[in-house]
Amino acid sequence: MAAASTRAAHDKVRVIFLGPPGAGKGTQAVRLATHLGVPKISTGEMLRTAIAKSTPLGREAGPLMEQGRLVPDALLVKLIGERTAEGDCRLGFVLDGFPRTLPQAEGLEQMPGGDPRGFIVFDFQVPREELMQRLSGRRWCPSCQATYHVTNDPPKRPMICDVCGSGLVQREDDLEAVVERRLREYDERTHPLIEYYRSRARMRPIDGNRPQDAVFQGLLQAVEACA
Ligand code: AP5
């Protein structure tokens, strides 16, 4: 009922999640997209799938991701241009992890429906020490990409995915040295997007340092207020 009324209030819902690694973007993107009835588009997931399938994109992205570096802008802009042109994006989408650099934001702006004024941009804010704690405890399902945390959000059976029953693992880029590099990439290349979108889109800060349900309620209220 709540989902239907939210959907009815919007013609198109285009959402961007900005925030550092571990801020809870992926966790909330699934919930918000499901609630709104639009697809969740996670570039990290798309790249990990490409690596698993050893596609040309995956072979190029794999070594960079292992080091915590960003994948070249042109590849990401092409990937998102193709994905958002698919029929299921007609009523909108939730972008998790894109754009992540100024050239990517400019690339998005050139796409059909890419006018930033049509987007709600959420800036997830979480203290650094909490990010480190979340990333070191994150466990991930390589089959269906569901995400857990050893203490904050454990699976029902230890190290077994609730969704598909596969064994959980730690993501290679969640090792401490790689996390430090990812945080540097965020500070230098993604954080400037907050300023970029402040004057161009409907920008909303989100306190991500709360229980997951409270973060989700904050997102829903902000989406309603933007309708
Ligand atoms: P990507 O997969 O997008 O990684 P990220 O942005 O670094 O984000 P994370 O997945 O680490 O964190 P999250 O914010 O989604 O947090 P989560 O919900 O999982 O990208 C990976 C790599 O791909 C990049 O490093 C780059 O190489 C490449 N890439 C991707 N997009 C790219 C682009 N556009 N351009 C170039 N390269 C790109 O939560 C984290 C943990 O915390 C979980 O264990 C969760 O259970 C727990 N948790 C969540 N919410 C809460 C809460 N409220 N309280 C307590 N715990 C919580």
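Report follows, based on the coordinates. Remember, predicted model here, so these are calculated numbers, not experimental data.

**Details of the packing of aromatic side chains**
Step number 1: Within this structure, the stated rule accounts for 4 aromatic pairs.
Step number 2: Aromatic pair Phe17 and Phe122: ring centres 6.0 Å apart, planes at 70 degrees, arrangement edge-to-face. On the criterion of sequence distance, the pair formed by Phe17 in strand β1 (residues 13-18) and Phe122 in strand β4 (residues 119-125) is long-range, its members being 105 residues apart. This pair shows no difference in class: Phe17 is buried, exactly as Phe122 is.
Step number 3: Geometrically, the ring pair formed by Phe93 and Phe119 is tilted, given 6.2 Å between the ring centres and 55 degrees between the ring planes. Of this pair, Phe93 sits in strand β3 (residues 92-96) while Phe119 sits in strand β4, and the two are 26 residues apart along the sequence.
Step number 4: Among the aromatic residues, ring-to-ring pairing joins Phe17, Phe122 and Phe124 into one connected group.
Step number 5: The ring of Phe119 carries Arg14 above its face, with NZ or CZ at 5.8 Å from the centroid.
Step number 6: The residue whose ring lies beneath Arg200 is Tyr196, and the NZ or CZ to ring-centre distance is 3.9 Å.

**Observations concerning the sheet that holds β4**
Step number 1: The parallel open sheet is built from 5 strands, whose spatial order is β2-β3-β1-β4-β7. Each edge of the open sheet is held by one strand with a lone partner, namely β2 (40-42) and β7 (202-207). Between one strand and the next, the sheet's axes are offset by a mean angle of 20 degrees, whatever the strand orientation.
Step number 2: Pairing geometry for β2 and β3, over 3 bridges, is parallel. Note on β3: the bridge partner recorded for Ile41 is Leu95.

The rules behind the values
- Residues numbered from 1 in each chain as written.
- Predicted model: local features only at pLDDT ≥ 70, side-chain atom pairs only at ≥ 80, totals over all residues.
- Heavy atoms only, no water.
- Phe/Tyr/Trp six-rings, centres within 6.5 Å; stacked < 30°, edge-to-face > 60°.
- Helix = DSSP H or I, 4+ residues; strand = E, 2+ residues; numbered from the N terminus.
- Buried < 20%, exposed > 50% of the residue type's maximum accessible area, 1.4 Å probe, protein only.
- Lys NZ or Arg CZ within 6 Å of the ring centre and 35° of its normal.
- Pairing = 2+ DSSP bridges.
- Axes fitted to C-alpha atoms, helices over the stretch in contact; angles between N-to-C directions.

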